[in-house]
Amino acid sequence: MKRTILALGIVMLAFYAITVLLTSTSVRSTNSPNREAGQVMDLSVPRVPQEFLAAAKGLKNPVQPTLENLARGKKIFTSTGACYTCHGLEGKGDGPAGIGLVPPPRNFADPQFHGLRTDGELYWVVTHGSPGSSMFAYAPQIISEEDAWYAVTYVQTLSGNPSQARQ
Ligand code: HEC
């Protein structure tokens, strides 16, 4: 008798665990703005307008991706620069202020993002904004241009290896 109750308990527990697991995954996928088909701006299209692209790509990042510099970039991204409010604390594009934005904030943790942008292009967006989106110019208005480079250096590590951060 005791064994039957025990077995029944285990089955119920397993059932409960599966339900919780299924609900949490489905909630996660519907909540993530970047999963909404057709809204995310095509990653392969540069965010810098064509006329400024060559100049933006030519910008040289003065900040090396050392641990110390990345820590400073992280602080700007996750605190003082308020980037996290839209891009999320881990840069996944799931920050509370980013919910409902069309297009949604870029998911910097997407492995496809890695290597598609030069640091100069990202810096251009942080200093000029991303045309057609709610990403406006943050530097020098909200963060200094120097801090923009630190933030960019940090962003480049979110989807890949810090040592692969591009110049
Ligand atoms: C109000 C919400 C919001 C805040 C705050 C914000 N962003 Fe954005 N960001 C966006 C949106 C929306 C986009 C547009 C996505 C796109 O270009 O496809 C974007 C795009 C970008 C891009 C370009 C992505 C690409 O595909 O090239 C960079 C880089 C960026 N943000 C960095 C930052 C940094 C650094 C900060 C903090 C200083 C910041 N953002 C703060 C909403 C925000």
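Along every chain, residues carry numbers that run from 1 in the direction the sequence is written. Only residues with pLDDT of at least 70 are given local features in this predicted model, and only at 80 or more are side-chain atom pairs given and counted; all residues enter the totals for whole chains, interfaces and linings.

A separate point is the overall build of the protein. Secondary structure summary: the protein contains six helices and zero strands in total. What counts as a helix is a DSSP run of H or I of at least four residues, what counts as a strand is a run of E of at least two, and both are numbered from the N terminus. For the protein, the succession of helices and strands along the chain, N to C, is α-α-α-α-α-α. Working definition of a contact: two residues with C-beta atoms, positioned from the backbone, lying within 7 Å. Considering only contacts in the protein between residues 6 or more positions apart, those separated by 24 or more positions represent 63%.

A general trend in soluble globular proteins is that nonpolar side chains are found buried together. Remark: nonpolar core denotes a set of buried Ala, Val, Leu, Ile, Met, Phe, Trp, Tyr and Cys residues whose joining runs through C-beta atoms within 7 Å. The exposure scheme places C-beta atoms from the backbone and then counts, for each residue, the other C-beta atoms within 10 Å of its own, assigning buried at 20 or more, exposed at 12 or fewer, and partly exposed in between. Of all hydrophobic cores here, the largest spans 26 residues; its most connected members are F77, Y123, V126, A148, A151, V152 and V155. At the level of secondary structure, the elements contributing two or more residues to this core comprise helix 3 (67-80), helix 4 (84-87), helix 5 (119-128) and helix 6 (145-155). The biggest single contributor to this core is helix 6, with seven residues.

Packing of helix 3 against helix 6 brings their axes to within 7 Å, and their N-to-C directions diverge by 100°. Between helix 3 and helix 6, the interaxial angle falls into the category roughly perpendicular. Residues N69, L70, R72, G73, K74, I76 and F77 of helix 3 form the contact with helix 6, whose participating residues are D147, Y150, A151, T153, Y154 and V155. Only the stretch in contact is used when a helix axis is fitted, and all axes are lines through C-alpha atoms; the angle between N-to-C directions ranges over 0 to 180 degrees. If an angle is under 35 degrees, it is roughly parallel; if it is over 145, roughly antiparallel; if it lies from 65 to 115, roughly perpendicular; otherwise it is oblique.

The rule is simple: place the C-beta atom from the backbone, and if it lies within 6 Å of a molecule or strand, the residue is near it. M41, C83, C86, S133 and M135 are the nearest of the 26 residues found near the ligand. Mapped by element, the contributors of at least two residues to the shell around the ligand are helix 4, helix 5 and helix 6. Three classes are used, and their members are as follows: Ala, Val, Leu, Ile, Met, Phe, Trp, Tyr, Cys and Pro are nonpolar, Asp, Glu, Lys and Arg are charged, and the others, Gly among them, are polar. Classifying every residue of the shell around the ligand gives 16 nonpolar, seven polar and three charged.

It is worth spelling out unusual backbone geometry at this point. Among all residues save glycine, negative phi is the norm, and among peptide bonds the norm is trans. For the bond running from V102 to P103, omega is -5°, close enough to zero to count as cis. Structurally, the position occupied by P103 is in the loop between helix 4 and helix 5. Following A139, the chain continues into P140 via a peptide bond in cis, with omega recorded as 5°. Phi is positive for A82, which is not a glycine, with a value near 65°. Tracing the chain through its elements places A82 in the loop between helix 3 and helix 4.

All right, on to the confidence of the model for the protein then. Within a predicted model, pLDDT stands for the predictor's per-residue confidence, ranging from 0 to 100. Per-residue confidence for the protein averages 83 on the pLDDT scale, and 74% of its residues sit at or above 70. Under a pLDDT of 50 for its full length, residues 18-38 has, in the predicted model, eleven contacts with residues more than four places off or in other chains.

Of all eleven residues that make up helix 6, nine are buried, and the element is covered over most of its length. Within the sequence span of helix 6, burial applies to D147, A148, W149, Y150, A151, V152, T153, Y154 and V155. If you follow the buried residues of helix 6, they end up packed against helix 3 and helix 5.

Here we come to the packing of helix 2 (residues 50-58) against helix 5. Across the interface, helix 2 lies against helix 5 with an axial gap of 6 Å and an inter-helix angle of 115°. Note that helix 2 runs across helix 5; the crossing there is right-handed. For the pair helix 2 and helix 5, contact is made by F52, A56, K57 and G58 and by G120, E121 and W124, respectively. Looking at side-chain class alone, the contact of helix 2 with helix 5 contains three nonpolar, two polar and two charged residues. By definition, turning the near helix anticlockwise from the far helix through less than a right angle yields a left-handed crossing, and turning it clockwise yields a right-handed one.

Topologically, A54 is positioned in helix 2. With 67 residues separating them in the primary sequence, A54 and E121 have C-alpha atoms 9.1 Å apart.

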